[in-house]
Amino acid sequence: MRDIRRARIVLAVLVLISVTMILLDLRGGESGPLGPLRAVGATVIGPLERGAATVVVPVRSYIDSVANIGDKDRVIADLTVENDALRAQLDTVANDRARVADLEALLGLVDANDYVTVPAQVIAVGPAQGFAWTVTIDSGSRDGVERDMSVISGRGLVGRVISVAPATATVLLLVDATSTVGGRLAGTSQIGIVSGTGRQDVLQMQFLDPLAVINLGEVIVTFGSEGDRPYAPGIPIGTVKEMRGTEGQLTRSAIVEPYVDISVLDIVGVVLRAPERSEREPVNVTPTPTSTGGAP
Amino acid sequence: MTVRRVVLCALLIVIAVIVEVTVLAPLDFPGATPSLVLVVVAALAFAFGPTTGAACGFAAGLLLNLAPPTTATLGISSLILTVIGYALGRVFDSDTRPLMLTTLLTSGAAALSILAGAALGGLLGNPRIVWGDVPVLILTAALYAAILALLVIPVVNRLSRAFVPEAYPR
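Residues numbered from 1 in each chain as written. Chains lettered and ligands numbered in written order. Predicted model: local features only at pLDDT ≥ 70, side-chain atom pairs only at ≥ 80, totals over all residues.

Concerning the overall build of chain B
The condition that has to hold: Runs of E in the DSSP output that reach at least two residues are strands. Runs of H or I that reach at least four are helices, and both are numbered from the N terminus. Based on C-alpha atoms, the radius of gyration is set beside the globule rule, defined as 2.2 Å times the residue count to the power 0.38. Exposure is read from a count of other C-beta atoms within 10 Å of each residue's own; the residue is exposed at 12 or fewer, buried at 20 or more and partly exposed in between. C-beta atoms are placed from the backbone. Here, residues touch in the contact sense if the C-beta positions derived from the backbone fall within 7 Å of one another.
Helix and strand counts for chain B stand at six helices and zero strands. Listed by position from the N terminus, the elements making up chain B come as α-α-α-α-α-α. Computed over the C-alpha atoms, the radius of gyration of chain B is 15 Å, within 12% of the 15 Å expected from 2.2 N^0.38 for a compact globule of 170 residues. Summarising its shape, the C-alpha atoms of chain B cover approximately 50 × 30 × 30 Å along the three principal directions. In chain B, which comprises 170 residues, the share counted as buried stands at 59%. Of the contacts made within chain B by residues no fewer than 6 positions apart, 73% connect residues no fewer than 24 positions apart.

Given below as structure tokens:
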């Protein structure tokens, strides 16, 4: 019976401590009284996760390659077809590209390929029952990563850095329900706000112009923020999949399919610097604003 | 609490947390992420009783809320796992714990932990909670926890008997 009483006291004390922590953390967040505890946790546990990842990642990629072995022939066939089509396109595009380059130089736009990035491996993912879409990457403050830097992959925008430890950093993914990005339609330059829905493969975009004409399949790129933080300009986000609401309605929104499939995230890049951008000068011509060049 | 017991519990909890975020969560199972941490806490509670169960639950929850990339409010997992560790430790006072029953209890605890997490999150104004997904999360969490429990509980039981024999006076 003494054991049971002791257990009850332990339970009461620990529950009380937990509730206190919840209240303190809610008040302060990262700068609050529990901020240092969080920092210590990330500094200590981050390297453990890195260590685990050195074992886990090769195994994961091996399993992936074995699992996909049946698909190889189909993938090769698909790629051959795509390659031929792209080669045919390339001949016609060369001329256009020279013109686009001139216009871009004129407008001071940037090429998505010129971002200076730090490569990083995704080493840990938040449990699904936490409802937060966040991942840990194996680059941290000692690699030059800072809070609010954009994170991209070969396909497009992944998210932004929300906290940094010496050896690791935490990335808030685009699809997280608290994530919002200024977006721009690459074709028509309509601007809007792209927000996550908390679902893995769906984003939502709210357009500022209720009369905007928006075509399905149009490409959305980042609008860019002051000082390139939290989002550098011109990074592809996704394509318009479905329109919501009718033309002229107070707010028009679209369902957007992101380019980046977060279930297969592996290597990403943290944008340290967006490309140099020349001072914008007034131009006489009124060219149709162009995209800043496709996927990086 | 003996030193050996503390060391065993700490080691198992740290491994469970690391494996959960680096191995299980990236595998992207349908629905919830298999909660290895909860199953290990349950197994330790079954092995050592309510006091150790509550302490392990608290430590595991704290670690889970501190391990990057989590953004959850600090203390939520501690609260839930402390209560689960205590409750599961209390269920039996005898040594006869059929694996079927402990597995079912662990599975039920996993389901409750999802519900409690979503409810607490909602209460505290977490904007991320997608209520439509909660039923699927509960069902899958219970299923995964049952499978993990069948594997983990016997192993933890054997380990605790081997390393902490004084907890099993005979």
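Looking at the pairing of strand β1 (residues 116–125) of chain A
Residues in a regular strand point their side chains to alternate faces of the sheet. All names here are of chain A. Rule in force here: Strands were regarded as paired on the criterion that DSSP finds at least two bridges between them.
Bridge count for β1 against strand β12 (residues 267–273) is six bridges, and the pairing is antiparallel. Along β12, the bridge assignment pairs Val118 with Val270. Of the pairings in the sheet, the one linking β1 to strand β2 (residues 134–137) comprises three bridges and is antiparallel in character. Bridging from a neighbouring strand, Val125 pairs with Val135 of β2.

Quick word on the pairing of strand β10 (residues 236–244) of chain A
Residues and elements named next belong to chain A. Where strand β9 (residues 219–222) meets β10, three bridges bridge the pair, whose relative direction is antiparallel. Residue pairing for β10: Val219 is matched across the bridge by Thr239. Relative to strand β11 (residues 252–258), β10 runs antiparallel, the two being bridged by six bridges. Bridging across to β11, Val240 finds its partner in Val256.

What to know about the packing of helix α1 (residues 3–24) of chain B against helix α2 (residues 36–48) of chain B
All names here are of chain B. Note the following rule: Fitted lines through C-alpha atoms serve as axes, helices being fitted only where they are in contact, and the angles separating the N-to-C directions of these axes extend from 0 to 180 degrees. In this scheme, roughly parallel covers angles under 35 degrees and roughly antiparallel covers those over 145, while 65 to 115 is roughly perpendicular and the rest are oblique. For a crossing to be left-handed, the near helix must be turned anticlockwise from the far one by less than a right angle; the clockwise case is right-handed. Polar here means any residue outside two lists: the nonpolar Ala, Val, Leu, Ile, Met, Phe, Trp, Tyr, Cys and Pro, and the charged Asp, Glu, Lys and Arg; Gly therefore counts as polar.
In the contact formed by α1 and α2, the axes pass within 8 Å of each other and the chain directions differ by 160 degrees. In terms of orientation, α1 and α2 fall into the roughly antiparallel class. Classified by chirality, the crossing of α2 by α1 is right-handed. Facing Arg5, Cys9, Leu12, Ile13, Ala16, Val17, Val19, Glu20 and Leu24 of α1, the residues of α2 in contact are Leu36, Val37, Val40, Leu44 and Phe48. Counted by class, the contact of α1 with α2 contains twelve nonpolar, no polar and two charged residues.

What about the domain arrangement of chain A?
Residues and elements named next belong to chain A. Where we set the bar: All domain edges in this entry derive from an automatic or database-based domain assignment.
Segmentation of chain A into domains returns domain 1 (2–66), domain 2 (72–107) and domain 3 (114–273). Taking only C-alpha atoms into account, the centre of domain 1 sits 27 Å from that of domain 3. Each partner contributes to the interface: domain 1 provides nine residues, whereas domain 3 provides eleven residues. When the residues that make up the side of domain 1 that touches domain 3 are grouped by side-chain class, the tally is four nonpolar, two polar and three charged.

Quick word on the confidence of the model for chain B
Keep this limit in mind: Confidence of the predictor in every single residue is expressed as pLDDT, which spans 0 to 100.
Taken residue by residue, chain B gives an average pLDDT of 89. The fraction at 70 or more is 95%. If you check the scores for this complex, the pTM reads 0.81 and the ipTM reads 0.89.

Description of the sheet that holds strand β8 (residues 203–207) of chain A
Judged by pairing direction, the barrel is antiparallel, and its six strands sit side by side in the order β6-β7-β8-β11-β10-β9 (chain A) before closing back on the first. Averaged over all adjacent pairs, the angle separating strand axes in this sheet is 40 degrees, with direction ignored.

What to know about the nonpolar core
What counts is decided by this rule: By our criterion, buried Ala, Val, Leu, Ile, Met, Phe, Trp, Tyr and Cys residues that link up through C-beta atoms within 7 Å make up a nonpolar core.
The biggest cluster of nonpolar side chains holds 125 residues, and the ones touching the most others in it are B:Val40, B:Val41, B:Ala42, B:Leu44 and B:Ala60. Per-element tally for this core: the top contributor is α2(B), with 13 residues. Both domain 1 (2–66) and domain 3 (114–273) of chain A contribute no fewer than three residues apiece to this core.

Some points on the interface of chain B and chain A
Tallying the contact residues gives 42 residues for chain B and 45 residues for chain A. Looking at the side of chain B that touches chain A, its residues break down into 27 nonpolar, twelve polar and three charged.

A closer look at unusual backbone geometry
The step from B:Pro68 to B:Pro69 runs through a cis peptide bond, and the omega angle for that step is 10 degrees. You will see that A:Phe131, though not glycine, has its phi angle at about 65 degrees, which is positive. Here A:Phe131 is to be found in the loop between β1 and β2. Backbone geometry places A:Asp148, a non-glycine residue, at a positive phi of 70 degrees. As for its position among the elements, A:Asp148 is in the loop between β2 and β3 (150–152).

A few points about the packing of α2(B) against helix α5 (residues 99–123) of chain B
The description of two helices packed together rests on the angle between their axes and the distance between the axes. Residue and element names in this part refer to chain B. Their axes nearest at 10 Å, the elements α2 and α5 cross at an angle of 135 degrees. The orientation of α2 with respect to α5, classified from their angle, is oblique. Where α2 crosses over α5, the handedness of that crossing is right-handed. On α5, the residues that touch Leu38, Val39, Ala42 and Phe46 of α2 are Thr102, Thr106, Ala109, Ala110 and Ser113. Split by residue class, the contact of α2 with α5 holds six nonpolar, three polar and no charged.

Considerations on α2(B)
All names here are of chain B. Using the following cut-off: Expected helix span is taken as 1.5 Å per residue step, with the number of steps being one fewer than the number of residues.
Taking 1.5 Å of rise per residue, the 13 residues of α2 would be expected to cover 18 Å, and the 18 Å separating its terminal C-alpha atoms lies within 8% of that figure. Counting buried positions over the 13 residues of α2 gives 13, a clear majority of the element. Looking at the residues trailing α2, positive phi occurs at Gly49, about 95 degrees.

Re the sheet that holds strand β5 (residues 169–173) of chain A
Residue and element names in this part refer to chain A. Strands sit in the order β1-β2-β5-β4-β3-β12 around a closed barrel of six strands; the barrel is antiparallel. The average angle at which neighbouring strand axes cross in this sheet is 45 degrees, direction not considered. Its contacts with the sheet put helix α2 (residues 35–67) on β1, β2 and β4 (157–164), and the angle it makes with β1 is roughly 85 degrees.

Notes on the confidence of the model for chain A
All names here are of chain A. For chain A, the mean per-residue pLDDT works out to 81, and 84% of the residues sit at or above 70. Within chain A, the lowest mean pLDDT, 74, falls on helix α3 (residues 72–107), and the highest, 93, falls on β5. When the criterion is pLDDT under 50, residues 291–296 qualifies, and its contacts beyond four places in sequence or with other chains add up to 20 contacts.

Brief notes about the environment of B:Thr22
The residue B:Thr22 is located in helix α1 in this model. Judged by C-beta crowding, with 25 C-beta atoms within 10 Å, B:Thr22 ranks as buried. Sequence-wise, B:Thr22 and B:Ala54 are 32 residues apart; in three dimensions their C-alpha atoms are separated by 25 Å. When sequence neighbours within four positions are dropped, the list of residues in contact with B:Thr22 reads A:Glu49, A:Ala52, A:Ala53, A:Val56, A:Ile123 and A:Ala124.

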